[in-house]
Amino acid sequence: MKLLDHVDDELAALARDARHVAVLSGAGISAESGVPTFREVQTGLWEQFSAEDLATPDAFDDDPALVWTWYRWRQSLVQAVEPNPGHLALARWQKQLTETGGGLSISTQNVDDLHERAGAEVLAHLHGNIAAHRCTDCGASVQLPAPGYDGFEAPPEAEGPPACERCATGLIRPDIVWFGEALPMDAFEATMAAIRAADLVVVVGTSGIVQPAAGLPLLALERGTPLVEVNPQETELSETMDFVLRGPSGQMLPTLLETIS
Ligand code: OAD
């Protein structure tokens, strides 16, 4: 593994030569937009809870209003922030490769839409989409606009999830993947195919501890495809990487793009 604090000539050449790039992103790519990651300590209103403990079916069963309000708050937050230079650099790279007959796929564990709002096409939302909701009983899907909380420091009143209008027995929940739940198979399989077809795999802003998404980059090892990590911290995946760009993606990805454009 080559640990770098800047893009060196070897990495620049690798990125320049790559025609099919598979990107796997996690919460860290949205951190510089102001969306807190899952493993950092929560602040303000939510400081007594860990994000991990709220993202479970059991938490929703125990206290639907708490979990519902947390997700509605996150949905509101996501809508209020903007894509950062890391998202924009990936969108630009995707456009460049597509225009020259190659491609760049993005598979994200993030439930926000910041890649899309930066202009990129996303192959797979492995953990779903925070703007989508469904009934816990009948599965009916419901689109709910973000509540638009005013300011994110002041606690919103805890509100319970609405009852399902179709079956009247279920509650509406976020249509995202919680711990212990299965990932959408189409998204997972599309990502496996993209990694197997890639000549470069870039892993951005994920701690690499939540399975099965964390195992996906390892598919690159089957064909010896080079792996690059962009992250300011060491992760579970760092040792497996060929290159580690140790720094925030909002700085590192634009720099990488500049060297190959
Ligand atoms: P984590 O919160 O586990 O990890 C965030 C990663 O982003 C860490 O490795 C940070 O070092 C890194 N990071 C922080 N700031 C960064 C920056 N500016 N640039 C690049 N990286 C930065 O987030 P995920 O790995 O995405 O799942 O978490 C995986 C899943 O666990 C989430 O999708 C969510 C969570 O529970 C579910 O809700 C099912």
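Being a predicted model, the structure only gives us computed values, none of them experimental.

Q: Sorry, what's going on with the overall build of the protein here?
A: Check the secondary structure of the protein and you find nine helices and ten strands. Taking 2.2 N^0.38 as the reference for a compact globule, 261 residues should give roughly 18 Å; the C-alpha atoms of the protein span a radius of gyration of 19 Å, in line with that estimate. Expressed along its principal axes, the backbone C-alpha trace of the protein runs to roughly 60 × 35 × 30 Å. Taken over 261 residues, the protein has a buried fraction of 52%. Residue pairs at least 24 apart in sequence account for 73% of intrachain contacts in the protein once pairs closer than 6 positions are excluded. For the protein, the exposed surface amounts to about 11,900 Å²; the carbon and sulfur share of it is 51%. Placing the 15 positive and 38 negative side-chain charges of the protein at their respective mean positions leaves the two points 7 Å apart.

Q: It is not clear to me how the site of the ligand should be interpreted in this structure. Could you clarify?
A: Looking at the ligand, there are 23 residues lining it, with Phe 38, Arg 39, Thr 206, Ser 207 and Asn 231 nearest. Within the backbone of Gln 109, a nitrogen or oxygen atom sits 3.2 Å from an oxygen atom of the ligand. Protein chains shield 92% of the accessible area of the ligand, which is 790 Å² for the free molecule. Judged by the fraction of its atoms near the pocket grid, the ligand is located in the largest pocket. A breakdown of the residues in the shell around the ligand according to their chemical character gives nine nonpolar, twelve polar and two charged.

Q: How should the sheet that holds strand 5 (residues 128-135) be read in this particular structure?
A: Consider a sheet: its strands pair through backbone hydrogen bonds, and that pairing is either parallel or antiparallel. Across the sheet, three strands lie side by side as 6-5-7; this open sheet has antiparallel pairing. Two strands lie at the open edges of the sheet, namely strand 6 (141-143) and strand 7 (172-176), each paired on one side alone. The sheet shows a mean angle of 45° between the axes of neighbouring strands, direction not considered. With three bridges connecting them, strand 5 and strand 6 associate as antiparallel partners.

Q: Is there a simple way to explain the domain arrangement of the protein in this structure?
A: When the parts of a complex come together, some accessible area is lost, and that lost area is often taken as the interface size. As far as domains go, the protein holds domain 1 (1-34 + 83-127 + 182-261) and domain 2 (36-80 + 131-176). Look at where the C-alpha atoms of domain 1 and domain 2 centre, and you get two points 28 Å apart. On the domain 2 side, the residues contacting the twelve residues of domain 1 number eight residues. Interface of domain 1 and domain 2: buried area, both sides summed, is about 720 Å²; carbon and sulfur atoms make up 64% of it. Linking domain 1 with domain 2 are zero salt bridges. Applying the counting criterion to the domain 1 and domain 2 interface returns one residue pair in polar contact (both at pLDDT 80 or more). Of the residues in the side of domain 1 that touches domain 2, the class split is five nonpolar, four polar and three charged.

Q: Quick question: what am I supposed to make of helix 1 (residues 9-17) here?
A: Every α-helical turn comprises 3.6 residues, leaving residues that sit three or four positions apart pointing alike. Residues of helix 1 that are buried: Leu 11, Ala 12 and Ala 15. What you see down the axis of helix 1 is that its buried residues fit within an arc of 100°, all on one side. Across from the buried face of helix 1, at angles greater than 90 degrees, the exposed residues are Asp 9 and Asp 17. Tucked into the core, helix 1 has its buried residues touching strand 1 (2-4), helix 6 (85-99), strand 8 (200-204), strand 9 (227-230), strand 10 (243-245) and helix 9 (249-260).

Q: Explanation requested: the layout of surface pockets in the structure shown.
A: Where empty space is left can be seen by rolling a probe of water-molecule size over the atoms. Considered as a void within the structure, the largest pocket measures approximately 750 Å³ in volume. As for the largest pocket, its lining consists of 39 residues, and the residues nearest its centre are Ala 27, Phe 38, Arg 39, Thr 206 and Ser 207. Grouping the constituent residues of the lining of the largest pocket by class yields 18 nonpolar, 15 polar and six charged. Both domains that furnish three or more residues to the lining of the largest pocket are identified here as domain 1 (1-34 + 83-127 + 182-261) and domain 2 (36-80 + 131-176).

Q: Before we go on, may I ask you to explain the UniProt feature "binding site: NAD(+)" (unreviewed entry) in the protein in this structure?
A: If you check UniProt for "binding site: NAD(+)" (unreviewed entry), the listed places come out as Gln 109, Asn 110, Val 111, Asp 112, Gly 205, Thr 206, Ser 207, Asn 231, Pro 232, Gln 233 and Ser 249 in our numbering. Of the annotated residues named above, the ones that line the largest cavity are Asn 110, Val 111 and Asp 112. Inspection of the secondary structure puts Gly 205 in the loop between strand 8 and strand 9. The exposure class assigned to Gly 205 is buried, which follows from its relative accessible area of 12%. With sequence-adjacent residues up to four places away left out, Gly 205 is seen in contact with Gly 26, Ala 27, Gly 28, Ile 29, Val 230 and Asn 231. Among the secondary structure elements, Asn 231 is positioned in the loop between strand 9 and strand 10. With residues up to four places along the chain from it excluded, the contact list for Asn 231 reads Gly 205, Thr 206, Leu 245, Arg 246 and Gly 247.

Calculation rules
Residues numbered from 1 in each chain as written. Predicted model: local features only at pLDDT ≥ 70, side-chain atom pairs only at ≥ 80, totals over all residues. Heavy atoms only, no water. Helix = DSSP H or I, 4+ residues; strand = E, 2+ residues; numbered from the N terminus. Rg over C-alpha atoms; globule rule 2.2 N^0.38 Å. Buried < 20%, exposed > 50% of the residue type's maximum accessible area, 1.4 Å probe, protein only. Contact = heavy atoms within 4.5 Å. Areas by Shrake-Rupley, 256 points an atom, 1.4 Å probe, with all protein chains shown as cover. Lys, Arg positive; Asp, Glu negative; His and termini not counted. Charge placed at Lys NZ, Arg CZ, Asp CG, Glu CD. Near = heavy atom within 4 Å. Polar contact = N/O pair within 3.5 Å; in protein donor to acceptor, adjacent residues only side chain to side chain. 1 Å grid on protein atoms, 1.4 Å probe; cavity = no way out; pocket = protein on both sides within 12 Å on 5 of 7 lines; lining within 4 Å. Sits in = over half its atoms within 2 Å of the grid points. Nonpolar A, V, L, I, M, F, W, Y, C, P; charged D, E, K, R; others polar. Pairing = 2+ DSSP bridges. Axes fitted to C-alpha atoms, helices over the stretch in contact; angles between N-to-C directions. Domains from an automatic or database assignment. Buried area = accessible area lost by both parts, 1.4 Å probe. Salt bridge = Lys/Arg side-chain N within 4 Å of Asp/Glu carboxyl O. Arc of directions from axis to C-beta. Points joined across faces, edges and corners; volume = space filled by probe spheres on them. UniProt positions renumbered as here; feature names shortened; annotations may be inferred.

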